[in-house]
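Each chain, letter by letter, is given below.
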Amino acid sequence: MTGTADGSGAPRRRIHLAAHFPGVNSTTVWTDPDSGSQIDFSSFEHLARTAERGLFDFFFLAEGLRLREHKGRIHDLDVVGRPESITVLNALAAVTDRLGLAATVNATFNEPFELARRLSSLDHLSGGRAAWNVVTSSDAFTGENFRRGGYLDRADRYTRAAEFVATARELWDSWTPGGVRRPFAHSGRHFTIDGEFTLPRSPQGHPVVIQAGDSGEGREFAASAADVVFTRHGTLEAGQAFSADVKGRLAAYGRAPGDLKIMPGVTVVLGDTAADAQERAAAIRQQQVSPQNAILAAEQVWGRDLSAYDPDGPLPDVDPVVDSDLVQGRVRIGDPLAVVAKWRAVAEAKGLSLRQTVVETTARQSFVGTPEAVAAEMDAFVQADAADGFILVPHLTPGGLDDFVDRVVPLLQERGAFRTAYEGRTLRSHLGLPDPIWKS
Amino acid sequence: MPSAPRAPGAPHLGVALDSAGRYDADTYVRLARLAERGGLDFVTLGDSFSRPGPDALAVLARVAPATTRIGLVPTVTTTHTEPFHVQAAVATLDWVSRGRAGWQVDVSTTAAEARLFGRRPAAPAEEVWREAGEVADVAGRLWDSWDDDAEIRDESTGRFVDRDRLHHVDFEGATFRVRGPSIVPRPPQGRPVVVVDATGEHARAVAARHADVALVRADGPDGAGAVRAELRDRAADAGRDPDTLRVLAAVTVDLGNGERTHVPDLDPVHPVIAYERRGSAVVPRAGGSGAPYGGGLHYAGGPVGLADLIADWHGSGRVDGFHLTPLTPARDLERLVNGTVTLLRHRGLARTFYPGSTLREHLGLARPAGRYAGARVAGGAR
């Protein structure tokens, strides 16, 4: 069944959906009675099977290379630790049949030959379902776990990532279409390597490449090299602006707008009524921001020890420290002075405590409502070119998407906005991406 | 040389699944299930950056949910890889297999392999094996860097973990350093099983110190027994209980010709002794190929002769078991399981079911306590 957006007969844009395994951020609620293991394979299997039952495009795993630290000690208030992504996805390939399998893997602390081989192996072993979310890092803190340490200048992160992806594609293309091994040679600023790759071209040709940065460089890199962009633009207007900007960059690389899918990370809270959904959303926010987490969130902004403050009292009356090294292993707060000013304004206007202010200002719940309302809103997002789909980030492991799949997916299907069966076997086919040209 | 204690119980059996030219999951799943039906301790899959083949650890992760009991031992090399990634991947294999992971440590010595990475020149075996020993060492430390009970989910204090039960390892090797702790919580077996082919002298030093299972290539039970005794002595010298080391004889097997024997055309770098069955004994084949190379054993014959060989060698108390590498897995593994293993079962020399669920349990190796578990920060919150 093909629906239409406006009755004009133009085909309705189909939504793409992905499931993000809950990670090590405070958004993952581990205190709930329904919160299961973050490490047992059964949890990964549950969420992946749920996503496949819901005909999702892919399942997504984030990566960790060093446990976060706060005030010089390992951060202990959120989920800590996780398995290694590609290994989990290879195992999930055994218990799923069509679902795409996306691993976040750092381009800074890996080498092209080995990682291209691991991704090609996943693509072979899963029958064409592999994806790679390319991230970069330059911090010396993470580097302390690796041979080369924190060797990379921040400015070189994207040049390395771009050359890394290009090199991986050279390796993926290196065997002949007839399955004959051929030598490759790559010489560039970051990599000078040669030899023979150990695998024939994989079912997708090239595993799907996902990019998650939002800077100007990140957008340019996405336009030049990525198949999917993982964004965090929550509002319709911001999504439209981002989408227009990134898709506008594609033509310069000889690519069409459909060659790059924009998928913001979103949360969904469902209720039987709008009021019920709002009530649930507020309860989840309370769970996510424990008193201890409220102090921690404030310390991340202020860059100083605030343990003497009462989370149920007013905001700290001291100034923030710019360029603090209190927090390690997280994305830094860009402008602490501006954030503090905003928090003070919100707290004053609404008469909020520190914890309430954190709840209020850090809320990132995207879709809150009845299944009908959420389905309509998601559909509207996509029809209005604010996104090609969504990466759903549940707050509970492993059952956090059960309701969405049972209650929202059928409504999206009724609207003609979502597939009613997998049509192809590969992730590329789910995403409607063109087959990569075999360069030889 | 003090005589080593006689290897007790039934022989431990591992089998290699290496299948040239196979990149799909089905081939390996089918072979691993067959090996599991035979009640073998573990399967191995070799790996190298220098020849065609998929990533071995990936293949066995794919096999894990399709099997329930058999141990899964991929080769992961240490020369051009990151120690932190290697230990995380092996620990994760242990999680996805619910305690069935092993790791065969190997190195890259060629200039061709070095050029695939372009980061460091090729180095001699002595150097890369010394580094491999350090990688095995730091992997063990990182697997221990989370105490088993580190996750506390204490709602009253808002803490998911007790950070006094997480440990920086601050390892400094000759060529790398690692701060730790691992990103992966302590795996089900505590430490996955470390396997080292102890044929070369430099590898043997690593095996004595770090291996749970050492593979030896010998031309007969006496040669295997001598290497086993040496490994046990060296393990004791390194402060280990020698009974925590299993020594398995590595044998290539060709079951393609019934109980007849033949001498195959084999890699001249690894000369072999061909064995054949003569009456009730299995003896070196007269005029067989090659001279002993520390020596490698190639068995060409039928499943019955192989069962005899296993029973003879193991009965002499010189080895703890065997690592069998079929020449043609698709054919030989079936004959091995349906023929050789069936015969061994009749003699009480092979298990008919798995009493345990982890690879350590199959091998009779205790789950190790974490080395840092007693060393919590004084006054740390509990």
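Please read all numbers here as calculations on a predicted model, not as lab measurements.

Undergrad: Explain the domain arrangement of chain A here, please?
TA: Many structure descriptions define interface size as the accessible area lost when the parts assemble. Residues and elements named next belong to chain A. According to the domain assignment, chain A consists of domain 1 (2-271 + 368-431) and domain 2 (290-362). Measuring from the centre of the C-alpha atoms in domain 1 to the corresponding centre in domain 2 gives 31 Å. Facing eleven residues of domain 1, the contacting portion of domain 2 comprises twelve residues. Carbon and sulfur atoms make up 54% of the area that domain 1 and domain 2 hide from each other, which totals about 1000 Å². The three residues of domain 1 that bury the most area against domain 2 are His70, Lys71 and Leu77, which together make up 52% of that side's buried surface. Where domain 1 packs against domain 2, one counts two salt bridges.

Undergrad: Before we go on, may I ask you to explain the sheet that holds strand S9 (residues 208-211) of chain A in this structure?
TA: Hydrogen bonds along the backbone pair up the strands of a sheet, which may run parallel or antiparallel. Residues and elements named next belong to chain A. Pairing within the closed barrel is parallel, and its eight strands lie in the order S1-S2-S5-S6-S9-S10-S11-S15. Sheet twist, expressed as the average angle between the axes of neighbouring strands with direction ignored, equals 25°. Judged from the two bridges that link them, S9 and strand S10 (residues 228-231) form a sheet pairing that is parallel. Bridge pairing in S10 places Gln211 opposite Val229. Its contacts with the sheet put helix H3 (residues 112-125) on strand S5 (100-106) and strand S6 (130-135), and the angle it makes with S6 is roughly 150°. The sheet strands contacting helix H12 (residues 371-383) are strand S11 (261-266) and strand S15 (389-392), and the helix crosses S15 at an angle near 130°.

Undergrad: I tried to follow the packing of helix H9 (residues 291-302) of chain A against helix H10 (residues 336-350) of chain A on my own but got confused; where do I start?
TA: Packed helices, taken two at a time, are described by the angle between their axes plus the distance between the axes. All names here are of chain A. Two elements in contact, H9 and H10, have axes separated by 8 Å at closest approach and are oriented at 135°. Here H9 is positioned oblique relative to H10, judged by the angle of their axes. Contacts from Ala297, Ala298, Val301 and Trp302 in H9 reach Pro336, Val339, Val340, Trp343 and Arg344 in H10. Of the residues that constitute the contact of H9 with H10, the class distribution is eight nonpolar, no polar and one charged.

Undergrad: What is the right way to read the nonpolar core from this model?
TA: Most often, soluble globular proteins keep nonpolar side chains buried together rather than apart. Membership of the largest hydrophobic core comes to 194 residues, with the highest contact counts inside it found for Phe56, Phe59 and Phe390 of chain A. Among the elements that make up this core, the one with the highest residue count is helix H3 (residues 83-96) of chain B (nine residues). Filtering out sequence-adjacent residues up to four positions away, Phe390 of chain A remains in contact with Ile15, His16, Leu17, Ala18, Met263, Pro264, Val266, Phe367, Met378, Phe381 and Val382 of chain A. In terms of nonpolar packing, the next biggest core, distinct from the first, is built from 15 residues, Leu306, Val340, Val358 and Val359 of chain A among them.

Undergrad: Looking at this model, I keep getting lost on the interface of chain A and chain B. Mind explaining?
TA: In this complex, chain A contributes 64 residues to the contact, which on the side of chain B involves 66 residues. Buried area between chain A and chain B, summed over both chains or domains, comes out near 5500 Å², and the portion from carbon and sulfur atoms is 58%. A per-residue breakdown of the area chain A buries against chain B is headed by Trp30, Leu125 and Arg147 of chain A, which together make up 15% of the total. Where chain A packs against chain B, one counts eight salt bridges. Among the salt bridges present, the one from Asp194 of chain A reaches Arg115 of chain B, with a minimum N-O distance of 3.1 Å. At the level of secondary structure, the elements contributing two or more residues to the side of chain A that touches chain B comprise helix H1 (41-53), strand S4 (73-74), helix H2 (85-95), H3 and strand S8 (192-196) of chain A. Taken together, the residues of the side of chain A that touches chain B sort by class into 25 nonpolar, 20 polar and 19 charged.

Undergrad: Explanation requested: the side chain of Thr361 of chain A in the structure shown.
TA: In this structure, Thr361 of chain A sits in helix H11 (residues 354-361). Beyond its immediate stretch of four places on either side in the chain, Thr361 of chain A contacts Trp343 and Val346 of chain A.

Undergrad: Which parts of the structure should I look at to understand helix H8 (residues 274-288) of chain A?
TA: Given 3.6 residues per turn, any residue in an α-helix points the same way as the ones three and four places further on. Residue and element names in this part refer to chain A. End to end, H8 covers 21 Å across 15 residues, agreeing with the expected 21 Å (1.5 Å per residue, within 8%). Those residues of H8 that sit buried are Ala277, Ala281, Ile284, Arg285 and Gln288. Along the long axis of H8, the arc covered by the buried residues comes to 100°, so they all point the same way. Every exposed residue of H8 that faces more than 90 degrees away from the buried side is listed here: Ala275 and Glu279. The secondary structure elements touched by the buried residues of H8 are strand S12 (268-270), H9, H11 and strand S14 (367-369).

Undergrad: Help me understand unusual backbone geometry, please; the structure alone is not making it clear to me.
TA: Among all residues except glycine, the phi angle is most often negative; among peptide bonds, the trans geometry is most common. Looking along the chain, the bond that leaves Thr397 of chain A and enters Pro398 of chain A is cis, with omega of -5°. Structurally, Pro398 of chain A can be placed in the loop between S15 and helix H13 (402-414). The step from Gly180 of chain B to Pro181 of chain B runs through a cis peptide bond, and the omega angle for that step is -10°. If you trace the backbone, Pro181 of chain B turns up in the loop between strand S8 (177-178) and strand S9 (193-197). Here Arg153 of chain B, not a glycine, exhibits a phi torsion of approximately 45°, which is positive. Secondary-structure assignment places Arg153 of chain B in strand S5 (residues 151-154).

Undergrad: I'm lost on the pairing of strand S15 (residues 321-326) of chain B in this one. Help?
TA: Residue and element names in this part refer to chain B. The element S15 is largely enclosed, with a buried count of five among its six residues. In the sheet, strand S1 (residues 12-16) pairs with S15 via four bridges, with the strands oriented parallel. Across the sheet, the residue bridging to Leu13 is Phe322, located in S15. As defined by bridge partners, strand S11 (residues 246-254) adjoins S15 across six bridges and the pair is classed as parallel. Its bridge partner lying in S15, Thr252 is registered against Thr325.

Undergrad: Just checking my understanding: could you explain the confidence of the model for chain B for this structure?
TA: Note: predicted coordinates in regions of low pLDDT should not be interpreted at a detailed level. Per-chain confidence: chain B averages 89 in pLDDT, with 86% of residues scoring 70 or above. Note on residues 261-273 of chain B: pLDDT is under 50 here. Beyond four places in sequence and across chains, it has 36 contacts.

Calculation rules
- Residues numbered from 1 in each chain as written.
- Chains lettered and ligands numbered in written order.
- Predicted model: local features only at pLDDT ≥ 70, side-chain atom pairs only at ≥ 80, totals over all residues.
- Heavy atoms only, no water.
- Domains from an automatic or database assignment.
- Contact = heavy atoms within 4.5 Å.
- Buried area = accessible area lost by both parts, 1.4 Å probe.
- Salt bridge = Lys/Arg side-chain N within 4 Å of Asp/Glu carboxyl O.
- Pairing = 2+ DSSP bridges.
- Helix = DSSP H or I, 4+ residues; strand = E, 2+ residues; numbered from the N terminus.
- Axes fitted to C-alpha atoms, helices over the stretch in contact; angles between N-to-C directions.
- Parallel < 35°, antiparallel > 145°, perpendicular 65-115°, else oblique.
- Nonpolar A, V, L, I, M, F, W, Y, C, P; charged D, E, K, R; others polar.
- Core = buried A, V, L, I, M, F, W, Y, C linked by side-chain atoms within 4.5 Å.
- Buried < 20%, exposed > 50% of the residue type's maximum accessible area, 1.4 Å probe, protein only.
- Expected span 1.5 Å × (residues − 1).
- Arc of directions from axis to C-beta.
- pLDDT = per-residue confidence, 0-100.

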